[in-house]
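# Per-entry structural report
One-letter residues, chain by chain:
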Amino acid sequence: MKQFPTLTVTNHPLIQHKLTYIRDKSTSKREFKALIDEVGALLTYEITRDLPLTAVEVETPLQKTECHKIDDRNLVIVPLLRAGLGFVDSIQDLIPNCIVSHVGMYRDHVTKEPVTYYTNEMHNPGEKSFIMVDPMLATGGSAVAAVDFLKASGARDIRFMCLVAAPEGVELFAKAHPDVPIFAAALDEKLNEDAYILPGLGDAGDRLFGTN
Ligand SMILES: O=P(O)(O)OC[C@H]1O[C@H](OP(=O)(O)OP(=O)(O)O)[C@H](O)[C@@H]1O
Ligand SMILES: O=c1cc[nH]c(=O)[nH]1
Ligand SMILES: [Mg+2]
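Owing to the predicted nature of the structure, the values given are computational and were not obtained by experimental measurement.

Conventions adopted
- Residues numbered from 1 in each chain as written.
- Chains lettered and ligands numbered in written order.
- Predicted model: local features only at pLDDT ≥ 70, side-chain atom pairs only at ≥ 80, totals over all residues.
- Heavy atoms only, no water.
- Helix = DSSP H or I, 4+ residues; strand = E, 2+ residues; numbered from the N terminus.
- Buried < 20%, exposed > 50% of the residue type's maximum accessible area, 1.4 Å probe, protein only.
- Contact = heavy atoms within 4.5 Å.
- Pairing = 2+ DSSP bridges.
- Near = heavy atom within 4 Å.
- Polar contact = N/O pair within 3.5 Å; in protein donor to acceptor, adjacent residues only side chain to side chain.
- Patch = residues over 30% accessible without salt bridge, like charges linked within 9 Å, V, L, I, M, F, W, Y side chains within 5 Å.
- Areas by Shrake-Rupley, 256 points an atom, 1.4 Å probe, with all protein chains shown as cover.
- Salt bridge = Lys/Arg side-chain N within 4 Å of Asp/Glu carboxyl O.
- Nonpolar A, V, L, I, M, F, W, Y, C, P; charged D, E, K, R; others polar.
- UniProt positions renumbered as here; feature names shortened; annotations may be inferred.
- Phe/Tyr/Trp six-rings, centres within 6.5 Å; stacked < 30°, edge-to-face > 60°.
- Lys NZ or Arg CZ within 6 Å of the ring centre and 35° of its normal.
- Axes fitted to C-alpha atoms, helices over the stretch in contact; angles between N-to-C directions.
- Parallel < 35°, antiparallel > 145°, perpendicular 65-115°, else oblique.
- Left-handed = near helix turned anticlockwise from the far one by under 90°.

### Observations concerning the overall build of the protein chain
Per the secondary structure count, the protein chain includes six helices and 15 strands. Taking the principal axes of the C-alpha coordinates as reference, the protein chain spans close to 60 × 40 × 35 Å. Every one of the 212 residues in the protein chain was classed for burial, and the buried ones make up 45%. Long-range pairs, those at least 24 residues apart, make up 64% of the contacts in the protein chain between residues at least 6 apart in sequence.

### Re the pairing of strand β3 (residues 64-70)
One ladder, built from seven bridges, connects strand β2 (residues 53-59) with β3; its direction is antiparallel. Counted as the bridge partner of Thr54 is Lys69 from β3.

### Points about the site of ligand 2
Around ligand 2, the neighbouring residues are Arg107, Met136, Ala138, Ala195, Tyr196, Ile197, Gly202, Asp203 and Ala204. The contact in question runs from a nitrogen atom of ligand 2 to an N or O atom on the backbone of Gly202, over 2.8 Å. Contact distances for ligand 2 include 2.8 Å between an oxygen atom and a backbone N or O atom of Ala204.

### Focus: a nonpolar patch on the surface
Together, Tyr106, Tyr117 and Tyr118 make up a nonpolar patch on the protein surface, roughly 330 Å² of accessible area in all. With respect to the secondary-structure elements, Tyr117 resides in strand β7 (residues 114-119).

### Topic: the site of ligand 1
Near ligand 1 lie 15 residues; those nearest to it are Arg82, Arg107, Asp134, Thr139 and Ser142. Interatomic distance of 2.8 Å between a side-chain N/O atom of Arg82 and an oxygen atom of ligand 1. Asp134 places a polar side-chain atom, nitrogen or oxygen, 2.4 Å from an oxygen atom of ligand 1. Protein contacts shield 92% of the accessible area of ligand 1, which totals 500 Å² for the unbound molecule. In the shell around ligand 1, the residues fall into six nonpolar, five polar and four charged.

### Description of the UniProt feature "binding site: uracil" (unreviewed entry) in the protein chain
Here, the residues flagged by UniProt with the feature "binding site: uracil" (unreviewed entry) are Ile197, Gly202, Asp203 and Ala204. Tracing the backbone shows Asp203 in the loop between β15 (197-198) and α6 (204-209). On the basis of relative accessible area, Asp203 is assigned to the partly exposed category, the value being 24%. Of note is the side chain of Asp203, whose polar atom sits 3.0 Å from the backbone nitrogen of Asp206.

### With respect to the pattern of salt bridges
Under the criterion given, the structure shown has nine salt bridges. Here Lys33 ties to Asp37 by a salt bridge, and the two come within 2.6 Å at their closest N and O atoms. In this pair, Lys33 and Asp37 both sit in helix α2 (residues 29-47), four residues apart, roughly one turn of the helix. A relative accessible area of 21% places Lys33 in the partly exposed class. In this structure, a network of salt bridges that share partners links the residues Lys33, Asp37 and Asp89.

### Let's talk about the packing of aromatic side chains
In the structure shown here, the tally under the stated rule is two aromatic pairs. Across from the ring centre of Tyr196, 5.4 Å away, lies the NZ or CZ of Arg107, which sits over that ring.

### Concerning the packing of helix α1 (residues 13-23) against α2
The contact between α1 and α2 brings their axes to 10 Å, and the two run at 155 degrees. Considering their axes alone, α1 and α2 lie roughly antiparallel with respect to each other. Relative to α2, α1 is oriented so that their crossing is left-handed. Side by side, α1 and α2 meet where Leu14, Ile15, Lys18, Tyr21 and Ile22 of the first sit next to Phe32, Leu35, Ile36, Glu38, Val39, Leu42 and Leu43 of the second. Its residues assigned to classes, the contact of α1 with α2 shows ten nonpolar, no polar and two charged.

Printed below as a string of structure tokens:
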């Protein structure tokens, strides 16, 4: 299998176990969201591993001591609507002070090209760390366009978290944004003729929100 230097596949047994149920078409909508929450938390643990820490003094009931904090008020989660919303709850549970800045984008069913329909204004993006989240990296068109937007707004420190990636999408993304690390739970086989990931999990947005 082709190697991608900017891709980290977090194939921890717990993630693989939960991904098995996420892929299963008989998994209910309620279970699907609960599993996305759980895997989202586990992937967040991995993607935040290299965030810098600042020393702070804390007084325990016994004495003063030096502890460490991440700069959570300058950490921005960027969910790609709609399916990226699935990861927001778990990240906010872990890092309640983070900022959430939405990017609305859908993939045109015919051309497979991303169409942007919503963006948030960014404040001091050069001073912030961004984690873009979307369960699916298929052709890579949406993720590349979303990072193009973040960079055009002034963002520099960006990470991308997804659940399932296709080799075609990783290749396109890594070429366009070699400075943006990708964290995924699985690198799947390929895209089908409709640019869906095989074996994949189907349409993540539809499974999360009950549409199709
Ligand atoms: O890598 P790509 O080929 O661009 O495909 C991936 C995109 O497709 C899905 O979104 P979709 O267009 O289905 O929108 P939705 O989240 O609103 O369902 C998915 O959540 C990604 O954003
Ligand atoms: O397999 C795919 C490809 C794009 N979007 C999805 O939700 N699933
Ligand atoms: Mg969709």
